[in-house]
Structures are given as C-alpha cells and as structure tokens.
Amino acid sequence: MKYLRSFGITKALSIVSCCVLFVVCSVCVMAQDKRTLVIGAASDIHSLDPAVSRDNSDWRQTYPAYDRLVRYEVVKGQGTTRVEPFAAGSWSVSGDGLTWTFYIRPGISFADGTSLDAEAVRFSLQRALDIGKGPAQNFNVIKSMRVVDPLILEIKLARPFGPFLQTLATNAASIINPAVMEHDPHNDPELDWLRSNTDGSGPFSLEEWVPGEHAVLRANKGYWDGTPWLDEVVVKFIPDPDERVAALENGRIHIAENLLMEQLSKLESNPDITVHRYPSQLVEYVYINTQRPHLSDPRVRRALSHAADYRGIIENVLHGNAVQMKGPIPQGMWGHNPDAYQYGYDPKKAADLLKDAGVEDIKLTLKYSERRSEWKEIAQALQTSFSHAGIHLKLKFVPNPVLREQLDQGDFDLCLGVWSPDFADPYMFMNFWFDSAYWGLPGNRSFYKNELVDEFLRQAAKSSSVAGRTKLYSRVQDIVISDAAYIFLHQIEAAVPMHKSVQGYVYNPMLESIYNLESIWKK
C-alpha cells in the first residue's frame, strides 16, 4: 500500500498491468515469431548420441542436426520409404552384393568448418559398431571399411544384405564430426558430451537443452543443401496431453504430439487447426500358432481371418484412426501390393471353411497384454465376431514380460501383437514374419514354415536389386496370405495436428515425431 500511495493507484495499476502483459507476451513470443516453430512434445530427451539412442523423442532433435549418406525420397510432397543420394552423391555395389563404394559430395562442412569426408563417415559407423548399443544392429553386417580417397569410402559386408542401403538412412547412420573425440580425454567412444550436444553438418544444430522444459534448434545459415526458411525451432516438453491441446489452441505452440483420439476429433472442428492423417508403419495383428494341431490346416486359419470384424474394430475401438491391412507389407512401404487379397468379415464364409475342414465346435484362447491400451477392447470385439461364426474364443490377459516368454515357447493359440519396422525395407515384415529361421520372438511368431517361402525370402535378402526383391516378395505375399498364418488387422493411422499457418510439412512413415524442418515454412 505504501507503493500505491506514493505513486497513485492509477499509475500503480498501470505498471502492474504492463508487467502482467509483458509476462503473457513473453510466454507467447516464440510462437508468434514468424520464423520460429514451436513443437509441444510429450517426452523429454534421453540421449542425443546417435550411436546410443533408440527413442524418437531424441531423434526429433538429432535427425535434422546430421547428414547421412542417403535420405528418404519425397515425391510430389509425399514422403516415401525409398532412399536417394544425400551426403553420398552416388554409390556402386559389386555383383555379389558384398562391396559398396560411396562417393561423398564435396563442399559439405561441419559446424567448425572441417569437411565431411569419407573418414568422417567411417568414423561414425565404426563408432556405433564399437559402442554396440541397439543402433548398431542396423548395420552390424559391415565387415570392414576402407577410405580409398578423401571422398570415397569402401564398405565390405560379411554377407549380402538387401536392406543395407536403407539402414544408412536411419538416425544411427548420422555422420558425426570426428573432432568430438576432443571432448573425451579417455578416448571412450561413448561420449557423455554427445548425450547432450550435437556436432553434425545438418540444417539445424542444438543451441540449448533445458531438461524438463525445452530444447532449441538453430538453423545452419550456410547449409549446403539450402538455407532453411525457419530460423529457430523450440521443442517444449509438455507431458499433459490436455495442456498440449490448450497450448495448440491458444497459439503457444504450432504442433502438438501424441494426443488422444477424442482430442483429435475435437481439434478437427477448430478452423485454426489442421489435423493431418497418414497411414503409419505400425501395425496390429493376431499371431496364429500354426504348430497347434487344430490350427495347422490353412482352411481353419482362413476361417479365423474371415471371422474378424475389421471395420467394427477400426470404427468402434480406434475411432477411425486406422486402415485395414492388405497383406503383410503396409501402405507406404515399397513392396506393398495394393491388389493383394484382403480378407473381409464374413461369418458365413468362416463357418463354411470350418465345415469344409471337418472342424466343429472349435474352442480357442486369445492372449493379450497391457502393451497397447486398446487391446482389451480389440480382444472383446474379436470374441464377439468369432462367436457369429461358431468359434468359441476365450480371452486371457497375461502381463507382457510373461507373455513374451510364452510367445517364444509357442505357448498360445492366438495372441494379439504389434510391430513397427526398424528400417525402411519389407525385410522387416516379410523375412522376420515368415522365414522359419526366425521362429518365436525374433519375428515369426506364428511358427509358420513353408520351404518355398523360405527359399524366396532368403533370395530376396541377398539381392541388391529392388525390382528383383519386389518380385520375390510379391510371390511370397500371395502364398502367405492364402496360408493365413496371421490375421492382418490394421495399420495405425498417424495424426499430426498443427496450426494452419504451418506449411510444407511432409510426413514420412519411417520418421515418427521427426520433422522436415529444413523445408517447413509459415504463412
């Protein structure tokens, strides 16, 4: 009150109002600045080291901070899973698929001005292999590397591996400045410094990270592939989805990640918000244990595929945020066959197939875990639709760690499952799901075996010809869809809500929560 008496109530209130206005404006200033993009993220950063991190919440920051030998191609504004030249202007591969030679583009520099050359690529890949964390699995087929010339790198593989090129587009293959070793007096390749810093040649670099609050990326104005329109990207860590929605609606952020399905429906009615929807590469399906005597007949398994109410699950459980799968390779992945046979919900046809197989009064158990929040509802929906085909389905919840052990041992009739690829190649779906060498947890969780399928899949894995592999995978798809080793349920739809001012966004199914910041702009 002494303050108010000496300055007068009117003047004092004016000062207080200005202070409040300043605070409010300072909160919104980053979102209002035209060349700043603000993203509301659910999860904080764990590690920014490309050789250590396996988390998309980290890759959101690291992917635009580094270049890689190849990148995912964009066609007519649409992201694809095909790769094109990036830091490598071109490459060649030997006839046996074992020797790859990459020709690095001249004129690419790290932030300290040193050149990105063949040695930097060798250093980065070797560092990941030496550390031996999860990311190294993407290219542990590498046998040796040799710098032939400052801009030529030769990589020899231990065996032919068709998806090798695709693994070089992953975050794990980020090209790091070898000078980072100066931050480590003990010459330990797993640097603490890189956990919270970046040192690449990408269109952006990390300027600041305040754990639990935000991260700031600053544009590289001398970027060799074109200066980004954005000057700055701020990632705000907002764990509460309701707070992310509110921040998007009031303009404090431009993009909100990981919202609930009912929140997305609400946002779609907001004229200032656009909810972009795309098929992702995450799929849900049902494992059918083909080694169980009562499930060894393909006619029985086809009956199960016709007993699933795909549309009902998508509309009533997933609120429309999915598309039914058509074969094992999802939409957006090269090798997907849009003309493949697709099972439809047909209880009468299911019953007829069971009758033809001489099966009556069939009783099965479907196991599921807490791995996905909607699995209980999906299991109940399957129980209902199966009953209309005369199939008695018992539901059994099993904690996920226990269920994984049971899966590996083949201790189930049917089981709900989820899968997403580590790299952009149909190998992740075709070889892992159907090659008998991968029985159990590695991928073939239906314990399916077909010698012709094994032969075709192994030929495809050794080939470096996309056309040749596509043909082989197409033949395999026809066989395995007919054999019905799985019930192919749906491909989860990715939803990306953003302010209508954000332009140029390109969704890539292999880069969930990773943005093409180098080409995004605002109107």
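Residues numbered from 1 in each chain as written. Predicted model: local features only at pLDDT ≥ 70, side-chain atom pairs only at ≥ 80, totals over all residues. Heavy atoms only, no water.

Trainee: Looking at this structure, how should I read the overall build of the chain?
Mentor: Each helix and strand in the chain was counted, giving 15 helices and 19 strands. By the compact-globule yardstick of 24 Å for 523 residues, the chain fits well, its C-alpha radius of gyration being 26 Å. With the C-alpha coordinates of the chain rotated into their principal frame, the extents come out at 95 × 65 × 45 Å. Residues classed as buried in the chain amount to 51% of the 523 residues present. Relative to all contacts within the chain whose residues are 6 or more apart in sequence, the contacts with residues 24 or more apart total 68%. A total accessible area of about 22800 Å² is found for the chain, and carbon and sulfur atoms account for 51% of it. (Helix = DSSP H or I, 4+ residues; strand = E, 2+ residues; numbered from the N terminus. Rg over C-alpha atoms; globule rule 2.2 N^0.38 Å. Buried < 20%, exposed > 50% of the residue type's maximum accessible area, 1.4 Å probe, protein only. Contact = heavy atoms within 4.5 Å. Areas by Shrake-Rupley, 256 points an atom, 1.4 Å probe, with all protein chains shown as cover.)

Trainee: What is the right way to read the pairing of strand β2 (residues 70-75) from this model?
Mentor: Two faces make up the sheet, and in a regular strand the side chains alternate between them. As judged from the five bridges shared by β2 and strand β3 (residues 78-85), these two strands associate in the antiparallel manner. The residue of β3 that forms the bridge with V70 is P85. Turn length for the β2-β3 hairpin, with the two strands adjacent in sequence and antiparallel, is two residues, and the turn residue K76 shows positive phi of about 55°. (Pairing = 2+ DSSP bridges.)

Trainee: Please clarify how the packing of helix α14 (residues 451-462) against helix α15 (residues 466-483) should be interpreted in this entry.
Mentor: Packed helices, taken two at a time, are described by the angle between their axes plus the distance between the axes. Two numbers describe how α14 lies on α15: the axes approach to 9 Å, and their chain directions differ by 155°. Between α14 and α15, the angle is such that the two are roughly antiparallel. As α14 packs across α15, the resulting crossing turns out to be left-handed. From α14, L452, V453, F456, L457, Q459 and A460 reach across to α15, where they touch R469, L472, Y473, R475, V476, I479 and V480. (Axes fitted to C-alpha atoms, helices over the stretch in contact; angles between N-to-C directions. Parallel < 35°, antiparallel > 145°, perpendicular 65-115°, else oblique. Left-handed = near helix turned anticlockwise from the far one by under 90°.)

Trainee: What exactly am I supposed to notice about the nonpolar core here?
Mentor: One broad trend across soluble globular proteins is that nonpolar side chains are buried collectively. Grouped together as the largest cluster of nonpolar side chains are 115 residues, with contacts concentrated most on F164, L382, F386, L414, L416, W433 and F434. By residue number, the principal contributor to this core is helix α13 (residues 427-434), which donates seven residues. Beyond its immediate chain neighbours, meaning those up to four positions away, F164 contacts W100, F102, F139, V141, I142, I155 and L157. Of all hydrophobic cores here, the second largest spans 25 residues; its members include L37, I45, V235 and I255. (Core = buried A, V, L, I, M, F, W, Y, C linked by side-chain atoms within 4.5 Å.)

Trainee: Just to check I follow, could you spell out the sheet that holds strand β5 (residues 99-104) for this structure?
Mentor: Sheet strands pair by backbone hydrogen bonding; their relative direction is either parallel or antiparallel. If you trace the four strands from one edge of the open sheet to the other, you get β4-β5-β7-β6, paired in antiparallel fashion. Pairing within the sheet leaves two strands with one partner each, and these edge strands are β4 (88-93) and β6 (142-149). Neighbour-to-neighbour, the strand axes of the sheet open up by a mean angle of 20°, direction not taken into account. Packed on one face of the sheet, helix α4 (residues 118-131) meets β5, β6 and β7 (152-157) and runs near 165° to β6.

Trainee: Help me out: how do you make sense of the side chain of T99 in this one?
Mentor: With respect to the helices and strands, the residue T99 is situated in strand β5. What T99 contacts, discounting residues up to four positions off in sequence, is S92, V93, S94, E154, I155 and K156.

Trainee: How should I be thinking about the pairing of β6 in this particular structure?
Mentor: Note that β6 and β7 share six bridges and pair antiparallel. Looking at β7, one finds that V147 is bridged to L153. The antiparallel pairing of β6 with β7 creates a hairpin that spans two residues between the two strands.

Trainee: Please clarify how the confidence of the model for the chain should be interpreted in this entry.
Mentor: Predicted coordinates in regions of low pLDDT should not be interpreted in detail. For the chain, mean pLDDT is 90; residues scoring 70 or higher make up 93% of the total. Scored below 50 in pLDDT, residues 1-30 makes eleven contacts in the model with residues more than four places away or belonging to other chains. (pLDDT = per-residue confidence, 0-100.)

Trainee: Could you clarify how one ought to interpret helix α10 (residues 347-356) in this entry?
Mentor: In an α-helix, one full turn covers 3.6 residues, which means residues spaced three or four apart are oriented alike. Residues of α10 that are buried include every one of A350, L353 and L354, and no others. All buried residues of α10 fall inside an arc of 100° around its axis, so they share one side. Away from the buried face of α10 by more than 90 degrees, exposed residues K348, K355 and D356 are located. If you follow the buried residues of α10, they end up packed against α8 (298-306). (Arc of directions from axis to C-beta.)

Trainee: What is the right way to look at the pattern of salt bridges in this model?
Mentor: Oppositely charged side chains can form a pair if their charged atoms are brought close together. In the structure shown here, the tally under the stated rule is 24 salt bridges. One salt bridge in this structure joins R71 and D225, with 2.9 Å as the shortest N-O distance. Taken together, the residues span a long stretch of sequence, with R71 in strand β2 and D225 in the loop between β9 (214-219) and β10 (232-237) at a distance of 154 residues. For R71, a relative accessible area of 28% corresponds to the partly exposed category. With a closest N to O distance of 2.4 Å, D231 and K221 form a salt bridge. Within this pair, whereas D231 is found in the loop between β9 and β10, its partner K221 is found in the loop between β9 and β10, the two being separated by ten residues in sequence. According to the relative accessible area criterion, D231 is partly exposed, its value standing at 25%. (Salt bridge = Lys/Arg side-chain N within 4 Å of Asp/Glu carboxyl O.)

Trainee: Honestly, the packing of aromatic side chains in this entry has me stumped. Any pointers?
Mentor: Tallied over the full model, the rule gives 29 aromatic pairs. On the numbers, 6.3 Å between centres and 10° between planes, the contact of W433 with F488 is stacked. Taken together, the residues span a long stretch of sequence, with W433 in helix α13 and F488 in strand β17 (residues 486-499) at a distance of 55 residues. Assigned by exposure class, W433 and F488 land together as buried. Where Y505 meets Y515, the ring centres are 6.0 Å apart and the plane angle is 50°; that geometry is what we call tilted. Pair noted here: Y505 is in the loop between β18 (502-503) and β19 (521-522) and Y515 is in the loop between β18 and β19, with a separation of ten residues, a long-range link. Both residues of the pair, Y505 and Y515, belong to the buried class. Note that R35 overlies the ring of W229, its terminal NZ or CZ placed 4.2 Å from the centroid. Cation over ring: R68 sits above Y63, and NZ or CZ is 3.6 Å from the ring centre. (Phe/Tyr/Trp six-rings, centres within 6.5 Å; stacked < 30°, edge-to-face > 60°. Lys NZ or Arg CZ within 6 Å of the ring centre and 35° of its normal.)

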